[in-house]
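Architecture and fold: a report
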There are 2 protein chains.
Amino acid sequence: MSFQLILDNVSKHIQLTNEEKARFISLLKPFKLKRKQLLLHEGDVCKQSAFVTSGCLRSYNVDKNGLEHVIAFAPADWWMADMYSLISGRPGTLNIEAMEETEMLMLSKADQLQLYQDLPKFERFFRILAENSLVAHQQRLIDRLSLTGQERYDKFCQRYPTLIYHIPQKQVAAYIGVSPEFLSRMRAKK
Amino acid sequence: MSFQLILDNVSKHIQLTNEEKARFISLLKPFKLKRKQLLLHEGDVCKQSAFVTSGCLRSYNVDKNGLEHVIAFAPADWWMADMYSLISGRPGTLNIEAMEETEMLMLSKADQLQLYQDLPKFERFFRILAENSLVAHQQRLIDRLSLTGQERYDKFCQRYPTLIYHIPQKQVAAYIGVSPEFLSRMRAKK
């Protein structure tokens, strides 16, 4: 298991000494899911964050009519958790599924809290991560309120350039909030 | 100007010595807006965060059809900024308006970054703030996708209990994404 991807991810925002890198890595547990396996079920309490090293996760919510709404994708180099459940310790509302065979490094909530004590610079790292994610969610809310399906599709392509030809169209449609047929017509025009 | 409200707000997540409190307070600039005055215009670069001590701010986005979409309210004891613009340094997409005469304490981005250097425990404070805000945004996205207007109204009442009889119905409607007429019928049923 190479830890280079996660060390590079962390080094975008904070600088670690070799000792600090070793300490951080010692907390990470490799984990693997097959396609369609769930990392988290709706109603579970989320007790860890996943950093994807290969493959792709998606988080989704199922409404009362059985419709799936995709909340986020996490390809390699992205973090994923049910943040509501992770922070509150209450049962979550999301399912997290592997879209293909996916390898992850898991950081438990307990270890993350310990890390803040031992290496306070990780407060900065996860502050910046939370802020960036907050901005993405806020922007997505604004987009859903004010952009057309075509414009949301164009933004999706910018945000997830590696994903667009990689994951099933119906998942992309469920993320941007259009029908699969509408998405298919938009892609045909490109 | 009393700083007790903001000190109590900060002390929910971190403990400050008297010296640290004095340092933090020295960075805050009191600011006041009249009703309907804007703190930030769409297209401006947001260079500071506002902590509301009295009154109420709202942030909103105007779509191509001229429709306003309310992104957030900030009554007393809440923080408000265009986080996208604040973090990226790029022009923002939000307007921030005082809904009534509103008093704030402003913390500039430069001072906030300096604060992280001088008092690293503020990394923790703003990490927790960003995480809580992220969770609220994510939950709102899920709600918009999967709850009825009535359910979203009930959740709004839980989230902003002090606001519901305090701000114009059309603003509440623009936040939860229903027509003012629909909201009026829901309220009549209560």
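What comes next concerns the included structure. (Residues numbered from 1 in each chain as written. Chains lettered and ligands numbered in written order. Predicted model: local features only at pLDDT ≥ 70, side-chain atom pairs only at ≥ 80, totals over all residues. Heavy atoms only, no water.)

It is worth spelling out the pattern of salt bridges at this point. Across all of its chains, the model carries 22 salt bridges over all chains by this definition. In this structure, the salt-bridge partner of Arg124(B) is Glu123(A), at a minimum N-O distance of 2.7 Å. Of the two residues, Arg124(B) is situated in helix α5 (residues 121–146) and Glu123(A) in helix α5 (residues 121–146); the pairing between them involves two chains. Overall, the relative accessible area of 23% leaves Arg124(B) in the partly exposed class. What makes Glu123(A) buried here is its relative accessible area of 5%. Among the ionic pairs, Asp143(A) bridges to Lys155(A), the shortest N-O distance being 3.4 Å. Of the two residues, Asp143(A) sits in helix α5 while Lys155(A) sits in helix α6 (residues 149–159), which places them 12 residues apart along the sequence. Judged by its relative accessible area of 33%, Lys155(A) falls in the partly exposed class. (Salt bridge = Lys/Arg side-chain N within 4 Å of Asp/Glu carboxyl O. Helix = DSSP H or I, 4+ residues; strand = E, 2+ residues; numbered from the N terminus. Buried < 20%, exposed > 50% of the residue type's maximum accessible area, 1.4 Å probe, protein only.)

On to the sheet that holds strand β7 (residues 95–98) of chain A, then. Strand pairing in a sheet relies on backbone hydrogen bonds. The paired strands run either parallel or antiparallel. Residue and element names in this part refer to chain A. Taken in spatial order, the four strands make up an open sheet running β2-β7-β4-β5, and their pairing is antiparallel. Two strands lie at the open edges of the sheet, namely β2 (38–40) and β5 (68–75), each paired on one side alone. If you compare each strand with its neighbour and ignore which way they point, the axes differ by 30 degrees on average. Strands in contact with helix α7 (residues 169–176) are β4 (56–62) and β5; relative to β5, the strand with the most contacts, it is inclined by about 110 degrees. (Pairing = 2+ DSSP bridges. Axes fitted to C-alpha atoms, helices over the stretch in contact; angles between N-to-C directions. Contact = heavy atoms within 4.5 Å.)

Residues and elements named next belong to chain A. In the structure shown here, the tally under the stated rule is 30 aromatic pairs over all chains. Centroid distance Phe-156 to Tyr-160: 5.1 Å. Interplanar angle 50 degrees. Geometry classified as tilted. By the burial criterion, Phe-156 is buried, and Tyr-160 matches it. Grouping aromatic residues by their ring pairs yields a cluster made of Phe-24, Phe-51, Trp-79, Tyr-116, Phe-122, Phe-125 and Phe-126. Its guanidinium or amino end placed over the ring of Tyr-175, Arg-140 lies 3.7 Å from that ring's centre, counting from NZ or CZ. Here Arg-159 stacks its cationic end above the ring of Tyr-160, 5.2 Å away from the centre of that ring. (Phe/Tyr/Trp six-rings, centres within 6.5 Å; stacked < 30°, edge-to-face > 60°. Lys NZ or Arg CZ within 6 Å of the ring centre and 35° of its normal.)

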